[in-house]
Amino acid sequence: MSGLAPIQIPGSSLPRRRVLVVNCYFDYSREPIRRPTKFPQAVGPIFLAGAFARELCEVRCYDEVSSGPLTDEALLGWPDMLVLTGLTHCFDRMLHLTAYARTRNPKVIVVAGGPAVRALPLLAKKFFDYACPGDIEELREVITDAWGEAYAAAQMLPRFDLGYWIRFISHVESTRYCNFHCSFCSLTGEGRAYQTYDLEHLRRQILAAGKRRKLLFVDNNFYGNDREHFRRRIGLIQELRAAGQFRNWAALVTNDFFTRPENLALARDSGCELLFSGVESFDSSWLRSVNKLQNTSAPQIEMIRRCLNAGIVFCYGLMLDLSTRTIADVRRELELITGTPEITLPAFITLSIPILGTPYFYECLNNRTMLPNTKLRDMDGITIVQQTLDPIDQAVEFVRGVEHFRGLRSRVIKHSVRFWKLYRSKLNPLQLAIGFEQGLLLSAHTLMTSTTAFGWMKKGRTRTYVSTTEPADQTYTPAFRVDSRFQQYFQPTMVTDRNGNLANELIDSGLLKREPPRIGQRAGASA
Ligand code: SF4
């Protein structure tokens, strides 16, 4: 389809343009699989799609998390502009799609943004026509520069109509960034101030999503440090809920939300069904070491219990840092969790990741804890990328087992039964199912979320779980012939060299030209 003349719009002298927006993704299984039930779902593409004028642009979106790697030659050759976003470790996937699209349509304009581009601005400039370090609104400037202002939407509203992977839940954003500064978080690395949206803009987002049963706020921190704005948002939620726009809602909040009991009552009375908060660990000294101080001001088990007793299901993730904690210590923590039916089980478990540009990354770099030959792609939370306190082979065995909760499954089952007995009168069937599902997912993680995992098992592919030795994914082999000029786009971007020093390509990437972010006091937090 490449090389086709732009479509002319009847009655307009301007040609219509084609745009493809892709959420790029490497799956942690390292296999080309789909995860259509992964939650929360990607919303970047539908917000970016909102930057294009509807009457002049035909926009399509593709989500590699739910649909698997994009290898459709016709689709890759279709757009006049390819817009790419994704998590930091998915930078190479952006390069793959750029190579495909340029092979199929040499005139395509490639625009890339998101945390990877912000972390590696100079490296990104070498590959993309536009490497955007700013917010999603920067895309309007790119469109204006490339095609003229007429092609940019006057007002950016998310294109829920293009988000084929988001079926039942409206995803909206009421704030941006975070007022805390955890040392491992990419938001801390980017150093942007917490922002609240104008309430009318939020109203328009919710209305644009249409009437759906559930509403999810995808904010990094729905609570934030502006109490008045928080109460006004709850007021808007109550108004739109009463009008039948949605029935229940969910959000991501920081631990300080729970220190004021009235917040739980406000949330529950306005239809809140689920809250996600980054617990990361129940170990206070580790939390302090990563500047997650907001999680140390009140006992976390009590916090989760209160949330559940208020009728709101509590979800959280757990971060296992084997570079500063022993396996025995981490195992004790997992036993504490599975032995406490008053709390939910974690929704996911990740290894600590020195995300590029974060204070934690610079700390690991200075301490030389990163393993040799670590690829950016390895920073997915399931590959060991740092030296471990215990011998590495024991760490590998532990990680291999923890992915499936090996050795803890009977505790998980007992936990789930006791959890159900404790909360069956306080949580609705869906909330109880979420509590159960977390246990099931932990017990059978890959199988529960993958449609092709059995094929992977049949092939008997074994992983090393160590960045130095872990081979690159299948997706590093081009799915179809690409122009020889783009062969290098399939070489993994390295973080460290064979001696464990920062790789040359990262030295020139712009990463070290930034002032390493300092961990200061919490910015304006009230808790
Ligand atoms: S609380 Fe910490 S981890 Fe969570 S968004 Fe804020 S800075 Fe990031």
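Residues numbered from 1 in each chain as written. Predicted model: local features only at pLDDT ≥ 70, side-chain atom pairs only at ≥ 80, totals over all residues. Heavy atoms only, no water.

Moving on: the overall build of the protein chain. Per the secondary structure count, the protein chain includes 21 helices and 15 strands. Counting the 527 residues in the protein chain, one finds 58% classified as buried. The long-range share in the protein chain, meaning contacts at least 24 apart out of those at least 6 apart in sequence, stands at 76%. With the model as given, the accessible surface of the protein chain reaches about 21,600 Å², and the carbon-plus-sulfur share is 53%. (Helix = DSSP H or I, 4+ residues; strand = E, 2+ residues; numbered from the N terminus. Buried < 20%, exposed > 50% of the residue type's maximum accessible area, 1.4 Å probe, protein only. Contact = heavy atoms within 4.5 Å. Areas by Shrake-Rupley, 256 points an atom, 1.4 Å probe, with all protein chains shown as cover.)

All right, on to helix α11 (residues 261-269) then. By the burial criterion, the buried members of α11 are Asn263, Leu264 and Ala267. All buried residues of α11 project into a common sector of 100° when viewed along the axis, lining one side. Those residues of α11 that are buried lie in contact with α10 (227-242), β11 (248-252), β12 (272-276) and α13 (300-309). At the exit of α11 stands Gly271, carrying a positive phi of roughly 100°. (Arc of directions from axis to C-beta.)

The N-to-C vectors of helix α14 (residues 327-338) and helix α16 (residues 392-402) enclose an angle of 20°; their axes lie 11 Å apart at closest approach. Considering their axes alone, α14 and α16 lie roughly parallel with respect to each other. Pair α14 / α16 crosses with left-handed handedness. Listed contacts from α16 to Ile327, Val330, Arg331 and Leu334 of α14 are Gln394, Ala395, Phe398 and Val402. (Axes fitted to C-alpha atoms, helices over the stretch in contact; angles between N-to-C directions. Parallel < 35°, antiparallel > 145°, perpendicular 65-115°, else oblique. Left-handed = near helix turned anticlockwise from the far one by under 90°.)

This part covers the site of the ligand. Every residue close to the ligand is listed here: Cys178, Phe180, Cys182, Phe184, Cys185, Leu187, Thr188, Thr254, Lys292 and Gln294. Each residue belonging to the shell around the ligand can be placed in one class, and the counts come to six nonpolar, three polar and one charged. (Near = heavy atom within 4 Å. Nonpolar A, V, L, I, M, F, W, Y, C, P; charged D, E, K, R; others polar.)

With parallel pairing, the five strands of this open sheet are ordered in space as β7-β10-β11-β12-β13. Strands with a single pairing partner mark the edges of an open sheet, and in this sheet they are β7 (169-172) and β13 (313-315). Strand-to-strand twist in this sheet, taken as the mean axis angle between neighbours without regard to direction, amounts to 20°. Bridging between β7 and strand β10 (residues 214-217) involves four bridges; their strand directions are parallel. The partner of Val172 across the bridge, within β10, is Phe217. (Pairing = 2+ DSSP bridges.)

The next thing to look at is unusual backbone geometry. At Arg368, a position not held by glycine, the phi torsion is positive, near 55°. Tracing the chain through its elements places Arg368 in the loop between α15 (359-367) and α16. With a relative accessible area of 45%, Arg368 lands in the partly exposed category. Despite not being glycine, Asn373 has its phi angle at roughly 50°, a positive value. Mapped onto the secondary structure, Asn373 falls in the loop between α15 and α16. Using a relative accessible area of 28% as the deciding quantity, one classes Asn373 as partly exposed.

Mapped onto the elements, Ile413 comes out in helix α17 (residues 409-423). The spatial distance from the C-alpha of Ile413 to the C-alpha of Thr338 is 9.0 Å, given a sequence separation of 75 residues.

The subject of this paragraph is the packing of aromatic side chains. Enumeration over the complete set of coordinates arrives at 23 aromatic pairs. Of the aromatic side chains, those joined through ring pairs into one cluster are Phe217, Phe222, Tyr223, Phe230, Trp249, Phe257, Phe258, Phe282, Phe314 and Tyr316. The ring centre of Phe222 lies 4.7 Å from the NZ or CZ of Arg233, which sits over that ring. (Phe/Tyr/Trp six-rings, centres within 6.5 Å; stacked < 30°, edge-to-face > 60°. Lys NZ or Arg CZ within 6 Å of the ring centre and 35° of its normal.)

Glancing now at the state of the cysteines. Going through the model one piece at a time under the given rule, you end up with zero disulfides. Cys307 takes part in no disulfide bond, and the closest cysteine sulfur to it belongs to Cys272, at a distance of 7.2 Å. (Disulfide = S-S within 2.5 Å.)

When pLDDT is averaged across the protein chain, the result is 89; 90% of the residues are at 70 or more. Long-range and interchain partners of residues 1-5, a stretch whose pLDDT sits below 50, account for nine contacts in this model, where long-range means more than four residues apart. Note that residues 443-458 has pLDDT below 50 and, in this model, 29 contacts with residues that lie over four places away or in other chains. (pLDDT = per-residue confidence, 0-100.)

Quick look at the packing of α14 against α17 now. Two elements in contact, α14 and α17, have axes separated by 9 Å at closest approach and are oriented at 30°. On the basis of the axis angle, α14 is roughly parallel to α17. Residues Glu335, Ile337 and Thr338 of α14 touch α17, and the partners they reach there are Arg411, Val412 and His415. Grouping the constituent residues of the contact of α14 with α17 by class yields two nonpolar, two polar and two charged.

Going through the model one piece at a time under the given rule, you end up with 31 salt bridges. Taking the shortest distance from any N to any O, the salt bridge between Arg176 and Glu137 comes out at 3.0 Å. With a gap of 39 residues between them, Arg176 in strand β8 (residues 175-176) and Glu137 in the loop between β6 (130-132) and α7 (138-147) connect regions that are remote in the sequence. By relative accessible area, which is 9% here, Arg176 ends up buried. Assessed through its relative accessible area of 36%, Glu137 is described here as partly exposed. Here Asp256 ties to Arg227 by a salt bridge, and the two come within 4.0 Å at their closest N and O atoms. Placement of Asp256 in the loop between β11 and α11 and of Arg227 in helix α10 is noted, with a sequence separation of 29 residues between them. Ionic contacts of the salt-bridge type, sharing partners, join the residues Arg30, Lys375, Arg377, Asp378, Asp380 and Asp473 into one network. (Salt bridge = Lys/Arg side-chain N within 4 Å of Asp/Glu carboxyl O.)

The next point concerns the side chain of Arg463. Position of Arg463 among the secondary structure elements: in the loop between α20 (453-459) and α21 (504-507). A distance of 2.8 Å separates a polar atom in the side chain of Arg463 from the backbone oxygen of Tyr28. A distance of 3.3 Å separates a polar atom in the side chain of Arg463 from a polar atom in the side chain of Glu470. Contacts of Arg463, omitting those with residues within four sequence positions, involve Tyr28, Ser29, Arg30, Ile382, Thr383, Arg400 and Glu470. (Polar contact = N/O pair within 3.5 Å; in protein donor to acceptor, adjacent residues only side chain to side chain.)

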